[in-house]
Amino acid sequence: MSVGTGKTATAVDVRIMTRADLALRGIALDAPVRRPDGAGPSDDGHVLVAGANAALPTNPDSPYRVRDGRVWLGDEDTGLALTPVRRPRFYDLATADGIPYEHIARLHGADVLATTVVQTCVRYAEADRCRFCTIEESLRSGATVAAKTPAQLAEVAEAAVRLDGVKQMVMTTGTTTGPDRGARNLVRCVRAVRQAVPGLPVQVQCEPPGDLSWIRALHDAGAAAIGIHVESLDDEVRRRWMPGKSTVPLAEYDRAWDEAVRVFGPNRVSTYLLVGLGEDPGELIEGAGRLIDRGVYPFVVPFRPMAGTLAARDGIPAPSARYLAQVTEGVAAKLRAGGMNGADQRAGCAACGACSVLKSAGG
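Residues numbered from 1 in each chain as written. Predicted model: local features only at pLDDT ≥ 70, side-chain atom pairs only at ≥ 80, totals over all residues. Heavy atoms only, no water.

Enquirer: Which residues make up the environment of A224, and what are the values?
Expert: With respect to the helices and strands, A224 occurs in the loop between α5 (213-221) and β13 (225-227). In this structure A224 comes out as buried when scored by relative accessible area, which is 13%. On a C-alpha basis, the gap between A224 and C349 in space is 12 Å, while along the polypeptide they are 125 residues apart. The contacts of A224, once residues within four sequence positions are left out, are P201, V202, F264, R268 and R346. (Helix = DSSP H or I, 4+ residues; strand = E, 2+ residues; numbered from the N terminus. Buried < 20%, exposed > 50% of the residue type's maximum accessible area, 1.4 Å probe, protein only. Contact = heavy atoms within 4.5 Å.)

See the structure below:
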């Protein structure tokens, strides 16, 4: 199958095309483990597709159905096995003061614990907000608490590992007012979790801190990997989609990525690149290649118009499956050529892989 958009045209593997279509159109399934809103671009039910973590929209109108543990498109067996992730046992617990563990951290995929340590963001006013993000909506709905303490996160992490076999943890944060942009609090949280569960790898995620010494502090606290998420390498796209965040120049991201690679090592640093914000696919793939060359894993993820986002309010559609498959295959090829695999990061979005199609494409 050959597809073309903008300046490029490539052949797309039909298996990747199916997986991309599934990522965008979702599955008609009542998944026991879901993440309905929050920081970032995903609104999903968590399942295993062909044994790998996958975060898919739970969509009753999807043409994809599950029968006998397999994904069907009408009368056609797609060849993909699918198993819903079971509800974890740690969700049945609460802190001494009555906060459900699920409000402190959630299961992603089958074995990843994820939390937003500060559920507010200085960029959430409409004029500054990232158009794909609902970080404060989960707080308004009562599904979480505004700030998780290091002690709470350590308590939940210990239970998740002991009861449900969690193998890695992801800590992200809304951007704070200080020049560290949230890194200071992440240091405290990582240190507490690593003291409680020394063998649990943790990835941290934040904007580039104004003082790059915070990257070393995060590493020394015990973080195994770091995500510094730019979402787009195109300044025009950044201004349109992330008006507040785009005030941080790309040069500042470059410096932070380079320092993070120096401190954490190659392929221990990642960044989100969202597919479907209006960029030419060839330019997006080439930009991902430049990140790979500097040791940064480009985690390409489809934009989806989540309920509660400005993008959904304005009727902005998701990209086509062909566009997503083309970009995914192009980036996966560059990752393989660079000897970079997401699983080698030990913790984080690239290691989990659920929100992307990259693992299906060999990245």
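Enquirer: Quick one: what's the story with the packing of helix α8 (residues 281-293) against helix α10 (residues 321-337), residue by residue and with numbers?
Expert: Between α8 and α10, whose axes approach to 9 Å, the crossing angle comes to 25°. As the angle between them shows, α8 and α10 are arranged roughly parallel. Regarding α8 and α10, the two cross each other, and that crossing is right-handed. Note on element contacts: α10 touches α8 through Y323, Q326, V327, G330, V331, K334 and L335, opposite P281, L284, I285, E286, A288, G289 and I292. Taken together, the residues that form the contact of α8 with α10 break down as nine nonpolar, three polar and two charged. (Axes fitted to C-alpha atoms, helices over the stretch in contact; angles between N-to-C directions. Parallel < 35°, antiparallel > 145°, perpendicular 65-115°, else oblique. Left-handed = near helix turned anticlockwise from the far one by under 90°. Nonpolar A, V, L, I, M, F, W, Y, C, P; charged D, E, K, R; others polar.)

Enquirer: So what's going on with the sheet that holds β13? Residues and values would help.
Expert: Read across the sheet, seven strands follow the order β9-β10-β11-β12-β13-β14-β15 without closing on themselves; strand pairing throughout is mixed. Two strands in the sheet have a free side with no partner beyond their single neighbour: β9 (106-108) and β15 (296-302). Across the sheet, the axes of successive neighbouring strands diverge by a mean angle of 30°, strand direction being ignored. Of the pairings in the sheet, the one linking strand β11 (residues 168-172) to strand β12 (residues 202-205) comprises three bridges and is parallel in character. Bridge assignment links M169 to a residue of β12, and that residue is V202. In this fold α10 packs onto β14 (269-275) and β15, with an angle of close to 165° to the strand it touches most, β15. (Pairing = 2+ DSSP bridges.)

Enquirer: Outline the packing of α5 against helix α7 (residues 250-264), listing residues and values.
Expert: Following both chains from N to C, one finds α5 and α7 inclined at 30°, their axes separated by 9 Å at the closest point. In terms of axis orientation, α5 runs roughly parallel to α7. Remark: the crossing between α5 and α7 carries right-handed chirality. For the pair formed by α5 and α7, the contact residues are I215, R216, L218 and H219 on the first element and A256, E259, A260, R262, V263 and F264 on the second. Of the residues in the contact of α5 with α7, the class split is six nonpolar, one polar and three charged.

Enquirer: Describe the side chain of T95, listing the residues and the values that go with them.
Expert: For T95, the location among the structural elements is in the loop between β8 (76-84) and β9. In terms of polar contacts, T95 uses its side chain to reach the side chain of D97, at 2.3 Å. (Polar contact = N/O pair within 3.5 Å; in protein donor to acceptor, adjacent residues only side chain to side chain.)

Enquirer: Could you give an account of the nonpolar core, naming the residues involved and the relevant values?
Expert: Among the nonpolar cores identified, the biggest contains 102 residues, and F90, L113, M169, M171, L218 and F299 are the most heavily contacted of them. Once you skip the residues sitting within four places of it in the chain, L113 turns out to touch F90, A105, R106, V156, A157, A160, V166, Q168, M169 and V170. Judged by nonpolar contacts, the second largest core, of ten residues, contains L22, V47, A54 and L56. (Core = buried A, V, L, I, M, F, W, Y, C linked by side-chain atoms within 4.5 Å.)

Enquirer: Got a sec to walk through the confidence of the model for the protein chain? Specific residues and values, please.
Expert: For the protein chain, mean pLDDT is 93; residues scoring 70 or higher make up 94% of the total. Low pLDDT, under 50, characterises residues 1-9; the predicted model gives this stretch 25 contacts beyond four residues in sequence or across chains. (pLDDT = per-residue confidence, 0-100.)

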